[in-house]
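The primary structure of each chain is shown beneath.
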Amino acid sequence: VALDAICSAYIPIAKYSVSYGHEPHNLFLWALLFIALFWLLLRFESTPASPAMPAHKLGLIYAIDTFIPMSQLRMNKRYANVQPNRPALRWYLNFHRLVGLILCLAIFILVINAARH
């Protein structure tokens, strides 16, 4: 009975997460969701001022830059090594980068397969 409940809960999740090449836009929607979530979490964070850099708010550009694994595509290279103050946000930043790497690889594979056909 518990296994049926788990499987029935997984069906809607699989509908929007597994595309099998038929609904590749789901990858982009997941990427936008993670970027928006990190941006929302960063709204409550600010880094302290230092002699080299004044105090600033980390925002949408930072969330996008840390999601994309290729440093050549960063929009603001100045904040490449800036870390949030809160430990929970630093943990989420690592998770955010990992998810970004996985989704970018999946999008890359999708584009390669589309170019072959």
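None of the values given here were measured: they were computed from a predicted structure. Throughout, residues of each chain are indexed from 1 in the direction in which the sequence is written. A pLDDT threshold of at least 70 governs which residues receive local features in this predicted model, and a stricter bar of 80 or more applies before side-chain atom pairs are shown or counted, although totals over entire chains, interfaces and linings include all residues. The side-chain numbers reported here are obtained from all heavy atoms of the structure, hydrogens and water having been left aside.

A few points about the overall build of the chain
Logical step 1: Helix and strand definitions follow DSSP, with helices as H or I runs of at least four residues and strands as E runs of at least two, each counted in order from the N terminus. Within the chain one finds four helices and two strands.
Logical step 2: Going residue by residue from the N terminus, the α and β elements of the chain occur as α-α-β-β-α-α.
Logical step 3: Per-residue burial for the chain yields a buried fraction of 26% across its 117 residues.
Logical step 4: Throughout, a residue-residue contact means that at least one pair of heavy atoms, one from each residue, lies within 4.5 Å. At a minimum sequence separation of 6, the contacts of the chain that also span at least 24 residues come to 58%.
Logical step 5: Using a 1.4 Å probe, the Shrake-Rupley method yields the accessible areas, and only the shown protein chains count as cover for residues. Per element, the accessible surface of the chain, about 8400 Å² overall, is 71% carbon and sulfur. Three exposure classes are used, based on accessible area relative to the maximum for each residue type with a 1.4 Å probe and protein chains only: buried under 20%, partly exposed in between, and exposed over 50%.

A closer look at the packing of aromatic side chains
Logical step 1: Put simply, two rings from Phe, Tyr or Trp (the six-membered ring, in Trp's case) pair if the centres are within 6.5 Å, and we call them stacked under 30 degrees between planes, edge-to-face over 60, tilted for the rest. This structure, assessed with the given rule, holds six aromatic pairs.
Logical step 2: Note on Phe38 and Tyr62: the rings are 6.1 Å apart at their centroids and 35 degrees apart in plane angle, and the pair reads as tilted. Placement of Phe38 in helix H2 (residues 25-42) and of Tyr62 in helix H3 (residues 60-67) is noted, with a sequence separation of 24 residues between them.
Logical step 3: Assessed through its relative accessible area of 0%, Phe38 is described here as buried.
Logical step 4: On the basis of relative accessible area, Tyr62 is assigned to the buried category, the value being 5%.

Some words on the packing of H2 against helix H4 (residues 87-116)
Logical step 1: Closest axis-to-axis distance for the H2/H4 pair is 10 Å, and the angle between their directions is 160 degrees. In terms of axis orientation, H2 runs roughly antiparallel to H4. Of the two elements, H2 crosses H4, and the hand of that crossing is left-handed. Between H2, through Leu27, Phe28, Trp30, Ala31, Phe34, Ile35, Leu37, Phe38 and Leu41, and H4, the contact on the second element is made entirely by Leu89, Tyr92, Leu93, Phe95, His96, Val99, Leu103, Ala106, Ile107 and Leu110. Lines are fitted to the C-alpha atoms to define the axes, a helix being fitted only along its stretch in contact, and any angle between axes, read from their N-to-C directions, falls within 0 to 180 degrees. Comment on the angle field: the value is read as roughly parallel under 35 degrees, roughly antiparallel over 145, roughly perpendicular from 65 to 115, and oblique elsewhere. For a crossing to be left-handed, the near helix must be turned anticlockwise from the far one by less than a right angle; the clockwise case is right-handed.

Some details on a nonpolar patch on the surface
Logical step 1: A surface patch of nonpolar side chains, amounting to about 380 Å² of accessible area, comprises Leu37, Leu40, Leu41 and Phe44.
Logical step 2: Relative accessible area serves as the criterion here: at 58%, Phe44 is assigned to the exposed category. The patches reported here contain residues having more than 30% relative accessible area and no salt bridge. Joining distances are 9 Å for like charges and 5 Å for nonpolar side chains (Val, Leu, Ile, Met, Phe, Trp, Tyr). Whenever a carboxyl oxygen of Asp or Glu lies within 4 Å of a side-chain nitrogen of Lys or Arg, that contact is scored as a salt bridge.

Quick notes on the nonpolar core
Logical step 1: The biggest cluster of nonpolar side chains holds 18 residues, and the ones touching the most others in it are Phe38, Leu42, Tyr62, Phe67 and Leu103.
Logical step 2: Leaving out residues up to four positions away in the same chain, Phe67 has contacts with Ala31, Phe34, Ile35, His96, Val99, Gly100, Leu101 and Leu103. Only buried Ala, Val, Leu, Ile, Met, Phe, Trp, Tyr and Cys residues count toward a nonpolar core, and they belong to the same one when joined by side-chain atoms within 4.5 Å.

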